[in-house]
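One letter stands for each residue in the lines below.
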Amino acid sequence: MSIPFVDRHIGIDADARQLMLDALGYASLDALMDAAVPSAIRQTAPLRSLPAPATEAEALAELRALAAHNRVRRSMIGQGYYGTVTPAVIQRNVLENPSWYTAYTPYQPEISQGRLEALLNFQTMVSELAGLHTANASMLDEATAVVEGMLLARRASGSASNVFLVDSDIFAQTRAVLDGRAEAVGLELQYLPLAETDPAELPEAFGVFVQYPAASGRVWDPSAVIARVKSQGGLAIVAADLLALTLITSPGELGADVAVGTTQRFGVPMGFGGPHAGYLAVREGLERQMPGRLVGVSKDADGRPAYRLTLQTREQHIRRDKATSNICTAQVLLAVMASMFGVYHGPDGLRRIAEGVHAQAAGFAARLNAAGIEVAHADFFDTLEVRVPGRAAEIVETARERDLLLWQVDSDTVRFSFDEVTAASGIGFSRATDGLAADLAAVFGLSDGFGVSLTPHLPEGLRRASEYMTHPVFHVHRSETAMMRYLKRLADRDYALDRGMIPLGSCTMKLNAATEMAAVTWPEFSALHPFAPLDDVQGSLVMIGHLETWLSELTGYDAVSLQPNAGSQGELAGLLAIRGYHRSRGDVHRTVCLIPSSAHGTNAASAVLAGMRVVVIATTETGDVDLADLRAKIAEHRDELAALMITYPSTHGVYEHEVMQVTAAVHEAGGQVYIDGANLNALLGYARYGDIGGDVSHLNLHKTFCIPHGGGGPGVGPVAAKAHLAEFLPGHPLAQMHQHPPFDHTTGHAGTVEHRGAPVSAAPYGSASILPISWAYARMMGAEGLTDATANAVLAANYVALRLRDHYPVLYAGENGLVAHECILDLRPLKEATGIGNDDVAKRLMDYGFHAPTMSFPVAGTLMIEPTESEDLAELERFIQAMIAIRLEADAVAAGEWPADDNPLVNAPHTAESVIAGEWQHAYSRELAVYPSAGDRTAKYWPPVRRVDQAYGDRNLVCACPPIEAFA
C-alpha cells in the first residue's frame, strides 16, 4: 500500500494538522497533548506487546492464516445455535453495506426512518410468531433475554414469593447465566422437570420459565403449568424457537406473559457465538415494564406516519438506579438481518424451511427406531436425544471423524439438531449418495442413509393453526430485484457515516475501515458453533489471545475477558468481579457503590443488578468529581464501601487532574475503583486506567476499537481487571478452555489465569465473529498509530471548541482551557435569548446535511460534540460553518426577522415534499429551508419525514407495522 493504514484512518493530514495547531497556539501535537493530559497520569513505559503496524494486505494475510487454523465442520450441535443460510441479497446489502453498519442508534428519528421501519418489521414478526401483543427491538442474546424476562416477572408479579421456577430441560448456557444473575439480586431459583411435574404440586412463585421446545428437543404442552403459576400471581416466561413457532402453538396461545429467545437462525451466522439478536415479547399490559428499546409509530409535523423509539428510549439516563434494565442498546444490525430474512421468505417460506427441518428429524428418528435405537422423545421439532448406553463419547468422536459435530449430554446420551443447512443437503432426494444422510447413519452403525418423513412428530394439540406475518411487507418482496430495491429504499431514508460526519459525543463514531470488516463474513469465523471442539477453533482462540494481551497492556490491567457483548454487560461483569472479590474476603457487607451525578445512566443500573446500593457523588462546576463530597460520602459509608464508578476522561469531556486523589481515597477506605472505559479514545497511548488507580474497567470496542455501531448494535464491551480481580471475571461452563489468554504469544502457550465468575453472555467469548474487526484495527495501527489516533481526536475536538466558543459557550474545559476528545456546547443561553433550543438546532442540522451531536447529556439543554480522528478538516469546517449559520438564524429569530413560531429552526427538518407541494406560506424562502448553505447542492440529503411528534407516539402506543392505508 502506498500510504500507511494509520494515514488512511486518520482524516487530518499534515498540512491541516499544522493549521489547526496554529489556531490553537501549539507548535506540535506533542505540545498540545502535554498541555491537555495531566502529567501525573502520563504513561512512560513503551507498549511492547503490539507488533509493528501491518499493511492492510499483511493484516488480511495474517487473518487468513489464523482462519486456516479453524475447522468448520457440519455442526449439528444445536443447543440454541443452528446452521442457517444468509440470503446473498441480505449479506451484500445489509451486513456488508456501510449504509447499514455505520449508522448510529436512532435517537434522531427523522433521519433514521429506514432502520426504524426494519426494526418495526422485526417487532411485528416476533410478536406475531410469539402470539403476544408487543415485541421490543431486540435483546443481546437468548440467555440474557431469559434473565430480563425473569426480572420483568419480579417487577410485574403480584406474588410475594422470592422463588422463580425453572424447567430443568434448559440450555446449559442459559442456566449458567440465569444462576449468576439471580444470585446477585437475591432471587431463589428452583429447577424442576416441569413436563413430569403435577402442576398442583408446584410451589408458589413469582414466575416460571419454560424452554419450548426443550433443550432435549422435547415438545410438550406447558399450558397447565403456566395456568397454575399465574393463578398464584406469577408470570410465565417461555423461551421459544421462532422457526418452530411456524409449526407449533405460540407461547401467547399457551398463556405465556412473556416470550424470549433468539433470532439467530433467521439468516444470522453462528459466528462462534455472536452477535445475534435476542428477542423479548410481552402480553398487553406489560409494555411499560419491558427492557431494551421499542420502536413505535407516531406522526410528523404534517400528520404523516413516522417511526420513533418510544417509552424505554434512554431510560437509564432518566431512572438511573430505578431503571428496569441496564441494557441501553440493541442488536440492531442483526435484528435488521433477521427481519429481512422474514421479509424475503415470508410466512410461507419460513414454514417450508421449518417443515423441511422437521421432516429430516422425523425421518432419522424413524430410522433409529427401526434399528432399535432409543429416541428419548416421541414429539420433537428439530432435535433428537438418543440413548446409546456407554457409547456417547465414541459416537461423538466417530461423527467428528466424518466432519459431523454432535452434542454429548452424558456417557449414555447424544443430542443433535437438524437445521436449514442440513435441510438444504438434499436428504430424501438421493438417499444412496447424500453425504450427510450416509454419514449420520454410519455414525450410529446403520447400513444406509435415511429419508425424510412427512408424518409430523408434534402433539396434535400443539400444531399451529393461527396466522402470523400477515402484513403486506412479508408478502411482496419475493424476487431479489424487489428485495434489493426495498433495502436500498430504506437505506436512503437513513443518515449513516457513509454520508457524513456523525459528531456524537460519548459515542465515538469513527471510521470502520473496509479491511477491518473483511473477515467478518469469512466462513472460518462466521460458521463456527460456539461450543465446537477445542481443536476446531484454534485460530479464533489465538486471535482472542492476541486481543486479550494487547488490551491488557494498553489499559494497564492484568487480565481481560472478551465475553461481555455490550458495554452495559461489561459494566455488570466488572461490578460482579468486585462483588466476588469482597465476598471472597468475607466482606459481604460491602455493597455501596459511589457514582458521580454526571455518570452514564447504565452505571447506576448496572450497580443495582450487581446487588449494590447506589450513593451519588456531586460534581463541581468544572465537571470534576467533588472531592469534598466524595470524602464525606466515603466517611459516611466507609465500612459498606464496595466501589466507586467513574468515567475517565470525565463524562463532561475533561481530563480531571485530581483523579489519583479520587482513586487513592477509595482504596484507603477498602473500596475498589471501576473506571468506565467509554472515553478511552481520549487516553489510549497516553495513560492507562490501571496506572491511575483503576481496579477494573470495561472497554467499548464499538467506540475506540472500530466495531461498527450498526444502527444501535452490535457492540463488544470487554472487561479488564487487575490480578486480584482476574479470577472473578466471567467464566463459562462450556468454554473450550478456561485459561486466559487462551494463547499467549510471548510464551507460545496458554495463559495461567482462570476466570471463575458467573457468565454474563450466552457464548463463552461473546460476539466473537466481530472480534477480527478490532484485531485488524489494532494490528494495522500499532502502538504508535493508536497513540496518534488519540492525539488527533483531541486536536479535532479542541479545534471545534475553539471555532465555536464565540457562538456557543463551551461548558467545561480543563487546565489550559482544553477539552479531551469531546466538548459540550451550552445552548441554554441561546434558548433564553432567542427561544431556540438544542432540539431545534439538532433538527436544523439535518437540513445542513448532518446528524445531530448528543443532546442533553450529560447536561440538559446542551450538545456534546465528538468529531473523532477519522474526519478531515474539510468535514470539520463544514460542520463548524453549519453551526455558525444556525446561530445566526437563531439571532435573526430573536431580532424579529422571522416569527418565533415560523422560522427555519422550529420547522426543521424540511422534506422535499414540504417545499414542493402546495403554496409556500412561511416567512422564509423555500431555498433557505432546504439549501441553507453554499455547499454542493447535488449532494443534498433529504430527510424523509418532518419533525416527529414524540408525545403523540407515547400517548398512542403502536409498535407493529401500520396498515398500508396509513401512508396514503
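Coordinates for the structure precede this section.
Rules used in this analysis
- Residues numbered from 1 in each chain as written.
- Predicted model: local features only at pLDDT ≥ 70, side-chain atom pairs only at ≥ 80, totals over all residues.
- Heavy atoms only, no water.
- Core = buried A, V, L, I, M, F, W, Y, C linked by side-chain atoms within 4.5 Å.
- Buried < 20%, exposed > 50% of the residue type's maximum accessible area, 1.4 Å probe, protein only.
- Contact = heavy atoms within 4.5 Å.
- Helix = DSSP H or I, 4+ residues; strand = E, 2+ residues; numbered from the N terminus.
- Axes fitted to C-alpha atoms, helices over the stretch in contact; angles between N-to-C directions.
- Parallel < 35°, antiparallel > 145°, perpendicular 65-115°, else oblique.
- Left-handed = near helix turned anticlockwise from the far one by under 90°.
- Phe/Tyr/Trp six-rings, centres within 6.5 Å; stacked < 30°, edge-to-face > 60°.
- Lys NZ or Arg CZ within 6 Å of the ring centre and 35° of its normal.
- Pairing = 2+ DSSP bridges.
- Expected span 1.5 Å × (residues − 1).
- Arc of directions from axis to C-beta.

**A look at the nonpolar core**
Buried together is how nonpolar side chains tend to be arranged in soluble globular proteins.
Phase 1 of the analysis: Counting residues in each nonpolar core, the largest one holds 332 residues, and the members touching the most others are Leu384, Leu406, Phe416 and Phe444.
Phase 2 of the analysis: Filtering out sequence-adjacent residues up to four positions away, Phe416 remains in contact with Met76, Phe364, Leu368, Asp382, Thr383, Leu384, Val386, Leu406, Leu440 and Phe444.

**Focus: helix 28 (residues 838–847)**
Phase 1 of the analysis: Within helix 28, nine of the 10 residues are buried, leaving the element largely enclosed by the surrounding structure.
Phase 2 of the analysis: The secondary structure elements touched by the buried residues of helix 28 are helix 27 (828–834), strand 26 (854–855), strand 27 (862–865), helix 29 (873–894) and helix 31 (926–930).
Phase 3 of the analysis: Of the residues trailing helix 28, Gly849 is marked for its positive phi of about 90 degrees.

**Considering the environment of Pro714**
Phase 1 of the analysis: Within the secondary structure, Pro714 is located in the loop between strand 21 (696–699) and strand 22 (719–721).
Phase 2 of the analysis: What makes Pro714 buried here is its relative accessible area of 6%.
Phase 3 of the analysis: Those residues within four positions of Pro714 in sequence are excluded, and the remaining contacts are Pro275, Gln331, Leu333, Leu334, His702, Ile707, Pro708, His709 and Ile770.

**Some points on the packing of helix 21 (residues 567–584) against helix 22 (residues 601–609)**
Helices that pack against each other are described as a pair by the angle of their axes relative to one another and the distance between those axes.
Phase 1 of the analysis: Between helix 21 and helix 22, the least distance of the axes is 9 Å, while the angle of their chain directions is 45 degrees. Looking at the two axes, helix 21 sits oblique to helix 22. Handedness of the crossing formed by helix 21 with helix 22: right-handed. Each of Ser568, Glu571, Leu572 and Leu575 in helix 21 lies in contact with helix 22, whose residues at this interface are Thr602, Asn603, Ser606, Ala607 and Leu609.

**Description of the environment of Pro530**
Phase 1 of the analysis: The residue Pro530 is located in the loop between helix 19 (523–526) and helix 20 (538–555) in this model.
Phase 2 of the analysis: What makes Pro530 buried here is its relative accessible area of 1%.
Phase 3 of the analysis: Each C-alpha atom of the pair Pro530 and Ala605 lies 29 Å from the other, and the pair is 75 residues apart in sequence.
Phase 4 of the analysis: Once residues lying within four places of it in the same chain are set aside, the contact partners of Pro530 are Tyr81, Phe272, Gly273, Gln736, Ala763 and Pro764.

**So, the packing of aromatic side chains**
Phase 1 of the analysis: Considering all chains together, one arrives at 23 aromatic pairs under this definition.
Phase 2 of the analysis: Three or more aromatic residues joined by ring pairs make a cluster, and in this case those are Phe364, Phe416, Phe418, Phe444 and Phe450.
Phase 3 of the analysis: Here the guanidinium or amino end of Lys940 rests over the ring plane of Trp942, the centre of that ring lying 5.0 Å away.

**Overview of the sheet that holds strand 7 (residues 258–262)**
Phase 1 of the analysis: Strands sit in the order 2-8-7-6-5-3-4 across an open sheet of seven strands; the sheet is mixed. Each edge of the open sheet carries a strand with a single partner, namely strand 2 (134–135) and strand 4 (188–192).
Phase 2 of the analysis: Lying on the sheet, helix 7 (residues 113–130) is in contact with strand 2, strand 7 and strand 8 (278–282); it crosses strand 8 at an angle near 60 degrees.
Phase 3 of the analysis: Docked against the sheet, helix 9 (residues 172–184) engages strand 3 (163–167) and strand 4, running at close to 150 degrees with respect to strand 4.

**A few points about helix 17 (residues 480–492)**
Phase 1 of the analysis: Compared with an ideal rise of 1.5 Å per residue, which puts 13 residues at 18 Å, helix 17 spans 18 Å between its outermost C-alpha atoms and is within 8% of the ideal.
Phase 2 of the analysis: Along helix 17, the positions that sit buried rather than exposed are Met483, Tyr486, Leu487, Leu490 and Ala491. Each buried residue of helix 17 sits inside an arc of 130 degrees when the element is viewed along its axis, so together they form one side. Within helix 17, the exposed residues directed more than 90 degrees away from the buried face are Arg485 and Lys488.

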